[in-house]
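Each chain, written out:
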Amino acid sequence: MAIRIDGKVVSLAVKERVKQQILENGDTPCLAVIIVGDDPASRVYVNNKKKACTETAIRSLEYALPPETTQDELLELIDKLNADHEVNGILCQLPLPKHIDETAVIERIAPDKDVDCFSNRNIGKLWTGTKVFEPCTPAGMIELLKYYNIDCDGKHCVIVGRSNIVGKPMAALMLEQGATVTICHSHTRNLSEITRQADILVAAVGKEHFFSADMIKDGAVVLDVGINRGEDGKLHGDVDFAAVEPKVSAITPVPGGCGPMTIAILMQNTLTAYRLQNQ
Ligand code: GUN
């Protein structure tokens, strides 16, 4: 029987750890969350982030800007928050409206307040082994593996998906853990041949039921980062869970697997930012 990796349990444990560290030390971290426009999914994410702040004794500030906000207005707000010593972390919810350059916005956030770990500086630090912040979604998956005593060292970890938020930073973290890492993507030839070699498979494609049982090795560990809204109106991962679960040793469900971990690591990064700025 496969272990069902429970992201709700592990994210609660991470948030509890962060809260205890804050309360024991009398820390007063503060996260500023910016949302531009009225994308319903972004609204849900931002609400969840604010709720997690409350759960972990982190103060949160919300800046909800109208969809017609100009890039200059947004950059001006970021400059103001960068200069505000009361604000330790700044997060701008993506995606942004099309007329705003996301890279310019990410790069404007002061690196020591970049709790998403999205900036070139923080990504560079990640790859050179000098990171300050954890990339939230990938670090959440590493936390899941640790909780279930699943070691990456010496394993062949295959990541399918090369995004800046998941695939690429996940490769850096797995490499750091001593894994042999392969990154596959939409141009990869003979994908199934490679995924069948995976001791640990990270599914980050964004297509419902993309991974069938014949693409997965017996006894593998499967981390499914996909969040796809199915025709049934429910959330589904990238993996055909019902078909794959019987042949693997551990697997994350969707929802309730990797998803809840991202915000838990964001809380941890906000505390890290506070402590960096108040040494
Ligand atoms: N949009 C989707 N995921 C994320 C995330 O982790 N951080 C931000 N800022 N925006 C997102």
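Residues numbered from 1 in each chain as written. Predicted model: local features only at pLDDT ≥ 70, side-chain atom pairs only at ≥ 80, totals over all residues. Heavy atoms only, no water.

Quick look at a negative patch on the surface
A contiguous patch of negative charge, built from Glu68, Asp72, Glu73 and Glu76, is present on the exposed surface. Relative to the assigned elements, Glu73 resides in helix 3 (residues 71-83). The class for Glu73 is partly exposed, based on a relative accessible area of 46%. (Patch = residues over 30% accessible without salt bridge, like charges linked within 9 Å, V, L, I, M, F, W, Y side chains within 5 Å. Areas by Shrake-Rupley, 256 points an atom, 1.4 Å probe, with all protein chains shown as cover. Salt bridge = Lys/Arg side-chain N within 4 Å of Asp/Glu carboxyl O. Lys, Arg positive; Asp, Glu negative; His and termini not counted. Charge placed at Lys NZ, Arg CZ, Asp CG, Glu CD. Helix = DSSP H or I, 4+ residues; strand = E, 2+ residues; numbered from the N terminus. Buried < 20%, exposed > 50% of the residue type's maximum accessible area, 1.4 Å probe, protein only.)

Notes on the site of the ligand
Residues in close proximity to the ligand include Lys49, Leu91, Cys92, Gln93, Leu94, Asp116 and Phe118, which together make up its full environment. Within the side chain of Gln93, one N or O atom sits 3.3 Å away from a nitrogen atom of the ligand. A distance of 2.9 Å is found between a nitrogen atom of the ligand and a backbone nitrogen or oxygen belonging to Leu94. Its free accessible area being 280 Å², the ligand has 81% of it covered by the protein chains. (Near = heavy atom within 4 Å. Polar contact = N/O pair within 3.5 Å; in protein donor to acceptor, adjacent residues only side chain to side chain.)

So, the nonpolar core
With 49 residues, the main nonpolar core has Leu31, Met174, Ile200, Leu223 and Met267 as its most contacted residues. Beyond its immediate chain neighbours, meaning those up to four positions away, Ile200 contacts Leu145, Ile150, Asp151, Cys152, His156, Cys157, Val158, Met174, Val221 and Leu223. Judged by nonpolar contacts, the second largest core, of 18 residues, contains Ala2, Cys184, Ile194 and Val244. (Core = buried A, V, L, I, M, F, W, Y, C linked by side-chain atoms within 4.5 Å. Contact = heavy atoms within 4.5 Å.)

So, the environment of Met261
With respect to the element layout, Met261 can be found in helix 10 (residues 259-277). Judged by its relative accessible area of 0%, Met261 falls in the buried class. The sequence separation of Met261 and Thr56 amounts to 205 residues, and the corresponding C-alpha distance is 14 Å. With near-sequence residues (within four places) excluded, Met261 lies in contact with Gly7, Val10, Ser11, Val14, Gly140, Glu143 and Leu144.

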